Amino acid sequence: MEALELARWQFGITTVYHFIFVPLTLGLSVLVAILQTFYYRTGDIHYKMLTKYFGKLFVIIFTLGIVTGIVQEFQFGMNWSEYSRFVGDIFGIPLAIEALTAFFIESTFLGLWIFGWTRLPKAVHLACIWLVAIASNLSAVWILMANSWMQVPVGYELVGGRAELADFIAILLNERLLVQMPHTILGGFITGGMFVLGLSAWMIIRNQQAEIFLKSAKIALVFTAVASLLTATTGHDQAQETVKTQPMKMAAMEGLWETEQPASFSLFAIINQQEGTSSREIRLPYMLSVLAHNNVTSEVRGMNDIQAEMEEIHGPGDYLPPVAIVYWSFRIMVGLGVLFIIVAFWGLWLWWKGKLQDHRLFLKTSIVMIFLTFLANTAGWMVAEMGRQPWVVYELLLTADGVSPSVFKNSIWITMIGFTLVYGALAVAAFYLVWYFGKQGAHEEEEGVETNLHTY
Amino acid sequence: MDLQTFWFILIAVLFIGYFFLEGFDFGVGILMPFVSKDEVDRRVTINTIGPFWDANEVWLITAGGAMFAAFPHWYATLFSGFYLPLFLILLALIVRAVGFEFRSKMKERWWRLTADHFIFWGSVLPAFLWGVAFTNIVIGLPIGEDMNFTGTLPALLNPYALLGGLVSLVMFTLHGAIFLSLRTTDELKARVEKTAKLMWIPVGVILLAFALLGYRQTILFEEFGIIPGTLPMIAIVSFLAVIVFMSINRFGYAFAATGATIVFGSLVVFQGMFPLVMPSSLNPDFHLTIYNASSSDLTLTIMSVLAIIFVPIILAYQGWSYWVFRERVTRDAIPRS
C-alpha cells in the first residue's frame, strides 16, 4: 500500500474507533444529568444510586472519547498537512472554539463532579454534570460545523491555493450543519438511551435491584423514543439536503447509475462498480422521488450523469465514491434506525400495560440494541465520509492532494499498527470494565454519607 | 501590534500555560513510584492531581487548535515534521489518562501495576519529548521551499535537542515535587520535600549547560550578546529563589518560583524565535514566519474576539476548581478497600 492509502486507513480506523465512544457520551452525559436532577428534585436515594452507577460507566467511556479525540486533532497536521494548509483558515476556527468553549468546561467540571460530591453544595454539584453534558454536545456542534464545511463548502474564497474565510455567518448557518448536527446528536441520544435501557434491562432480568433499575429504564425509554423519532425526521431532512448539495453521494446511497424520473427507491441490489451496474434489484417505484423531493414525479440524477458533469468541470478523473459500501451503510443505518423506533415504542406500550419488568423478550432485545447503536452510528458516518470521496473538501480538494508529503510509508505503518494495537487493548479493557461494573449493580447509598471522595 | 503578533503571543501563552500546569502533573506522575512507600501513598499522590490533570491537558489541545486556526502552516509543518515524536506523545497521553481513570477500578495487583507504568511512562515521555521538540524548533529544521520538513527522524534526535528534552523532564519533575509538597501531609510530604531539595543542584547543572550551549546552538541570544537580557535573568533568579524558599520551608513560594522558571524560560524561547515560528536550516527564505504561516486577517479577527471573551472565563473557573480542592490529600481520605 502507498502512503496515501495507509494514511486513509489510519484516519478511518482512528475515526471509527473515536466515534464508538463519542455518541455514547453525548447521550449518556445528558441521561446522567437527568438522573441526578431526579435525585435533586425528589430526594429519592435510588436516583442517586443510579446517577453514580451510570456516572461511573460514563467516566470510563468519556476517558476513551477524550484520549482518542486528542489523536484526531493532531492527526490533521500529522497525516494531512496539505489539507491543513488548504482548510486551516476556515476549519481551524471551529476546532479552536471547540477547545475554548467545550473542552475546558468538560474537563474542569467533570473533575469537579467526580471529586466534588462532598465539597460542593448539591445544586452546584448538579450544575457541574449539566455543564459537562451541555459542553459535550456543544463540542459536537463545533466539530460538525467543521465537517459540514468539508461536505458543503460555503463562505470561502480561494486565495493563493487555499480556502480563505469570506463569510463567517455563512459557515455558522451552513445548511448542511443545520441538518447534520441535530441528526448526529440525536443519534448520540439514541445510543445513550439504549445503553441505559439495555443495562437496566440486564439488571431487571437478573432480578438485581430490579425496582431501582425499572426507574432508569423508564427514563431511558422516553428519552430514546423521542430521540429515535427525531433522528428519523432529521435524517430525512439531511437526505433531501444531500440531493441538492451532493447529488453524487445521494446517487451512490441509492446505487442509482442512470437518472430516473420518477425515481424508485432501492431495497436490495448487488453493486458492480467496475461495470457500473446494479443487479438483482428490488425497487419501490416512485419512492425515491417522494423521499428526495416530496413529489411523486420528480427527477433524481444518476451517477453516470454526475460523473460526466464533474469531468467537464474538474477535468478527467473518477469521481465515484465506493458505491457498494455507501449503498449498504445507508441501508444498515436506516434499517437500524427504524428498529430503534419500534423497540422504543414497544417498550412504552409494555410500560403502559404494566408489563415492562416481566417481558423477557423485550428486556433481552434491549440489551442487544446497545451493540446495534454503535453499528448504526458507524454506518452513518461511512455514508457521510465515504460518500464524499474522492473529495476531502467537496469539489475543492481531492483526498489524494491533502496528504502529508513529508510522511513516508514506514512511519505510517508504525503509527497505524501502534494506534490499532493500543486502541484494541483499550477496547477490551473498557468493555470489561463496563461489563464488570454493570454486573455489580448500583452501590447502596445512605443519605448524607459520601464515600468515594478520592476515586483515583 | 498586528493580529499575527497578538496570535503568536496567545499561542505562546497557551503553550507556556500548558508547561506550567501539566508540568507539575507530569512531575507527579514521574515521582509517584519513587516517593510512595505503599499503595495508599500511591493513591494519595495520584489524587493530588485527580481533579486537575485533564483540564491542564486541554491547554495543549487549545494550543493545537489555535495554531491550526491562526497559523495553519505552522501547524501543518510542525505536526507532519515531528510525526513520530508526536505519535509517541499521543500514545503517552492516551495510556496516562487511562492509567489515571482505570487504576482504582480493579484491585488486582497486575492491573494497578500496569496503570502505574502507564502513568509513569505516560508522564516521562511527553515531559522529555516536548523539550526535544521545542529545542529542535529553535535550532531550525530542514524545511524546504514548500514549507514541508525534508529531514528524517535521526535529525530530530541531535544531542542538543536531547539535552533540551532532559531540561524539560527534570524541570517538570522538580516543579511536580514541590507541587506534591503542597498537597500532601506527614511522611509523604517530608519525603517529597527532601526529594525536591536533593534535585535542585542536578537540575541547575542541566539547565546551566543547556543555557550556555544555547549561545552556540541557537538563535535565541543573537540579539543580546553575553548579557542575555531581562527574561533570561528573571528565569535565572527564579530558579535561584527555589532553593532559597525551600531552605526556609516556604514551599508555596518555591512552587511559584519553579513556575516562574518555566514561564520565563519558555518566554525566552518564544521571544527569541519571534517573528519566526519555524526557522529553516536550509535557507533563510524558507523560514516560516508569523506572516507567511498565518491565516487571513478576518479569521484572526474573529478568533481574537472569541479569545478575549473566553480565556478570562476559563481562567476563572479553572482557578475556582483549584480553590475547591485546596485541602491537602491525606492518607485517611483514601477509601479502605
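In case you missed it, the structure is sitting above this.
First, a word on what this report is: a plain description of the structure on this page. (Residues numbered from 1 in each chain as written. Chains lettered and ligands numbered in written order. Predicted model: local features only at pLDDT ≥ 70, side-chain atom pairs only at ≥ 80, totals over all residues.)

**Considerations on the overall build of chain B**
In step 1: Check the secondary structure of chain B and you find twelve helices and two strands.
In step 2: Helices and strands in chain B line up, N terminus first, as α-α-α-α-α-α-α-α-α-α-α-β-β-α.
In step 3: For 337 residues, the compact-globule formula gives about 20 Å, and the C-alpha radius of gyration of chain B, at 20 Å, lands near that figure.
In step 4: Taken over the C-alpha atoms alone, chain B extends approximately 60 × 40 × 40 Å along its principal axes.
In step 5: Every one of the 337 residues in chain B was classed for burial, and the buried ones make up 56%.
In step 6: Of the contacts formed within chain B by residues at least 6 apart in sequence, a portion of 78% connects residues at least 24 apart. (Helix = DSSP H or I, 4+ residues; strand = E, 2+ residues; numbered from the N terminus. Rg over C-alpha atoms; globule rule 2.2 N^0.38 Å. Buried ≥ 20, exposed ≤ 12 C-beta atoms within 10 Å, placed from the backbone. Contact = placed C-beta atoms within 7 Å.)

**A few points about the packing of helix α3 (residues 81-115) of chain A against helix α3 (residues 53-70) of chain B**
In step 1: Two numbers describe how α3 of chain A lies on α3 of chain B: the axes approach to 6 Å, and their chain directions differ by 165°. Put simply, α3 of chain A runs roughly antiparallel to α3 of chain B. Taken as a pair, α3 of chain A and α3 of chain B cross one another with a handedness that is left-handed.
In step 2: Per-class residue counts for the contact of α3 of chain A with α3 of chain B are 14 nonpolar, eight polar and two charged. (Axes fitted to C-alpha atoms, helices over the stretch in contact; angles between N-to-C directions. Parallel < 35°, antiparallel > 145°, perpendicular 65-115°, else oblique. Left-handed = near helix turned anticlockwise from the far one by under 90°. Nonpolar A, V, L, I, M, F, W, Y, C, P; charged D, E, K, R; others polar.)

**A closer look at the interface of chain B and chain A**
In step 1: Contacts between the two partners involve 63 residues from chain B, matched on the other side by 58 residues from chain A.
In step 2: Counting only elements with at least two residues in the side of chain B that touches chain A, the list comes to α2 (39-48), α3, α4 (72-81), α5 (83-102) and α12 (297-324) of chain B.
In step 3: When residues of the side of chain B that touches chain A are assigned to their parent elements, the largest contribution, 13 residues, is made by α5 of chain B.
In step 4: Residue composition of the side of chain B that touches chain A, by class: 41 nonpolar, 17 polar and five charged.

**Things to note about the pairing of strand β3 (residues 265-272) of chain A**
All names here are of chain A.
In step 1: The sheet contact formed by β3 and strand β4 (residues 277-284) spans six bridges and is antiparallel. Within the sheet, the bridge partner assigned to isoleucine 270 lies in β4 and is serine 279.
In step 2: Between β3 and β4, which pair antiparallel one after the other, the connecting turn spans four residues, and glycine 276 there sits at a positive phi close to 70°. (Pairing = 2+ DSSP bridges.)

**Concerning unusual backbone geometry**
In step 1: With an omega dihedral of -5°, the bond running from glutamine 261 of chain A to proline 262 of chain A counts as a cis peptide bond.
In step 2: Residue position: proline 262 of chain A is located in the loop between α8 (247-253) and β3.
In step 3: For the bond running from phenylalanine 274 of chain B to proline 275 of chain B, omega is 0°, close enough to zero to count as cis.
In step 4: Counting through the fold element by element, proline 275 of chain B comes out in the loop between α11 (251-273) and β1 (276-278).
In step 5: Phi is positive for glutamine 209 of chain A, close to 50°, though the residue is something other than glycine.
In step 6: As for its position among the elements, glutamine 209 of chain A is in the loop between α6 (175-205) and α7 (210-245).

**Structural notes on helix α1 (residues 3-42) of chain A**
Because an α-helix completes one turn every 3.6 residues, residues spaced three or four positions apart along the sequence face the same direction.
Residue and element names in this part refer to chain A.
In step 1: Its 40 residues place the ends of α1 58 Å apart at the C-alpha level, agreeing with the 58 Å of an ideal helix rising 1.5 Å per residue.
In step 2: Of all the bends in α1, the greatest measures close to 30° and is centred on threonine 25.
In step 3: Following α1 by one or two positions, glycine 43 adopts a phi angle in the positive range, close to 70°. (Expected span 1.5 Å × (residues − 1). Bend = angle between axes of the 7 residues up to and from the residue.)

**Focus: the environment of arginine 250 of chain B**
Residues and elements named next belong to chain B.
In step 1: With respect to the helices, strands and loops of the structure, arginine 250 is situated in the loop between α10 (230-247) and α11.
In step 2: Exposure remark for arginine 250: the 14 C-beta atoms within 10 Å place this residue in the partly exposed category.
In step 3: Separated by 110 residues in the primary sequence, arginine 250 and glycine 140 place their C-alpha atoms 40 Å from one another.

**Structural notes on the pairing of strand β1 (residues 156-159) of chain A**
All names here are of chain A.
In step 1: Note: β1 against strand β2 (residues 162-165), four bridges, orientation antiparallel. Each bridged residue has a counterpart across the sheet, and for leucine 158 the counterpart in β2 is alanine 163.
In step 2: The antiparallel hairpin formed by β1 and β2 contains two residues in its connecting segment, where glycine 160 sits at a positive phi of about 55°.

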